[in-house]
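Examining the three-dimensional arrangement
Each chain, written out:
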Amino acid sequence: MSEKPKTTISVIKADIGSLAGHHVVHPETIAAATKVLAEAKSKGIIIDFYVTNVGDDLELIMTHRHGVDAPQVHELAWNAFKEAAKVAKELGLYAAGQDLLTDAFSGNVRGLGPGVAEMEFVERPAEPVVVFMADKTEPGAFNLPLFRIFADPFSTAGLVIDPKLHKGFKFEIFDVFEGKSVELAAPEEMYDILALIGTPSRFIIRRIYRKSDGEIAAVVSVERLNLIAGQYIGKDDPVAIVRAQSGFPALGEVIEPFSFPHLVAGWMRGSHHGPLMPVPQRYAKCTRFDGPPRLVGLGFQIKNGRLIGPADLFDDVAFDETRRMAQLIADYMRRHGPFMPHRLGPEEMEYTTLPGVLEKLKDRFKKVAGEPKAKKPKIETSLLSAHE
Ligand code: F6R
Ligand code: MG
Ligand code: MG
């Protein structure tokens, strides 16, 4: 019997310009990207695709046989973004071409601006997959829900009662400042995992594997555009892919953690905390204070590489209360105005006037007699130096 071929799902996203500010993708840019992917499908480069948007981010969901980091697939995504950016420029859309940091494509979109999440697997007889896409936040926003899905027995019942999940999962955690990653296993190293991922601006869950057989379970885009470019040029609005059912968490266990609209970084000017609001596709636009941060979840079945679906997973009254709670939290946070913890800490803000204000006031700051200069706490120092 011949071996079953492997299928790859690649989700590649970029902000190539949007309508009426950093708000929502224009349908003509979606059409331009769709045309490029449709041609590639007819040539057999990819098997199937789905193009959509969340807020101002254009999202390409593609299936193919070339594995992760395949040059032809990355080039295809790059060309689709280029064509969409061309339309964005013609229409005078806002921040047209923003996330395409170079004119010279060199085989892989990593480090060039777009965010990428990809995984390769042999399809199970039925292969349910969820694609999560967020706007106005950062990749670490998935840390809390992914921990709950794959390591929290109070959220995922299967960890306790399904023999196929009972051994737990392995987490690859990526340090974005150092460019290093570490693998830790749950449940036995749960506290170490939490010690790291509780700092989601630095330590990001990148991949999750089933411990019993090493099967890939989840992957997150970990690109941090501002760190790549060395300056603020856009938020690193993330995407994630999660496999569900028969040996993985059930669809409902994958969705459950998002019923809590936890606080994430990235709202307004990439410099504020706000609640992550799960919404159906029709509400995937960022209006209030450029937000609040939005999340869309699309469910697919993958059959011989074909994308069957999607199901718009948060288009459900069961999430009405979550959205209401997110509104209340949004009001509560907004009332802090320019104060932390609504506004991010100085080392994380993507817009800041602080150095300029300090410089302007430097001669007016007077030494206070008898007050020693405080030592900076260790972790803050390393976070600050990593930004320099
Ligand atoms: C970008 C974003 C927005 C912008 C804000 C200011 O996706 O999250 O909140 O940071 O709209 O944008 P500029 O500086 O371009 O006017
Ligand atoms: Mg934007
Ligand atoms: Mg965005």
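Structure: see above.
All of the points below concern the structure found in this document. Treat the numbers as computed from the prediction; the structure is a model and nothing was measured.

Neighbouring ligand 1 are nine residues; Y94, K136, R269, D290 and Y351 lie closest to it. Between H22 and ligand 1, the recorded distance is 3.3 Å, taken from a side-chain N or O atom to an oxygen atom. At 2.9 Å, a side-chain N or O of K136 approaches an oxygen atom of ligand 1. Taken by itself ligand 1 offers 410 Å² of open surface, and the protein chains cover 81% of this.

Another aspect to go through is a nonpolar patch on the surface. Together, L144, F260 and M325 make up a nonpolar patch on the protein surface, roughly 230 Å² of accessible area in all. Structurally, M325 is set in helix α9 (residues 320–334).

Let's shift gears to the layout of surface pockets. Quantified by volume, the second largest pocket comes out at close to 420 Å³. What lines the second largest pocket is a set of 24 residues, and nearest its centre among them are G198, T199, P200, S201 and H273. For the lining of the second largest pocket, the elements supplying multiple residues, two or more each, are α3 (143–151), α5 (190–197), β11 (263–266) and α11 (378–387). Class assignment of the residues belonging to the lining of the second largest pocket gives a composition of twelve nonpolar, eight polar and four charged.

Ranked by size, the top nonpolar core spans 39 residues in total, and within it F132, L146, F150, F169, F171 and I208 carry the most contacts. Among the elements that take part in this core, α3 stands out by supplying five residues, more than any other. Beyond its immediate sequence surroundings of up to four residues, I208 is in contact with L146, F150, F169, K170, F171, E215, I216, A217 and A218. Grouped together as the second largest cluster of nonpolar side chains are 30 residues, A33, V36, W78 and F81 included.

The rules behind each value
- Residues numbered from 1 in each chain as written.
- Chains lettered and ligands numbered in written order.
- Predicted model: local features only at pLDDT ≥ 70, side-chain atom pairs only at ≥ 80, totals over all residues.
- Heavy atoms only, no water.
- Near = heavy atom within 4 Å.
- Polar contact = N/O pair within 3.5 Å; in protein donor to acceptor, adjacent residues only side chain to side chain.
- Areas by Shrake-Rupley, 256 points an atom, 1.4 Å probe, with all protein chains shown as cover.
- Patch = residues over 30% accessible without salt bridge, like charges linked within 9 Å, V, L, I, M, F, W, Y side chains within 5 Å.
- Salt bridge = Lys/Arg side-chain N within 4 Å of Asp/Glu carboxyl O.
- Helix = DSSP H or I, 4+ residues; strand = E, 2+ residues; numbered from the N terminus.
- 1 Å grid on protein atoms, 1.4 Å probe; cavity = no way out; pocket = protein on both sides within 12 Å on 5 of 7 lines; lining within 4 Å.
- Points joined across faces, edges and corners; volume = space filled by probe spheres on them.
- Nonpolar A, V, L, I, M, F, W, Y, C, P; charged D, E, K, R; others polar.
- Core = buried A, V, L, I, M, F, W, Y, C linked by side-chain atoms within 4.5 Å.
- Buried < 20%, exposed > 50% of the residue type's maximum accessible area, 1.4 Å probe, protein only.
- Contact = heavy atoms within 4.5 Å.

Interpretation note: all reported values are geometric properties and have no functional meaning in isolation.
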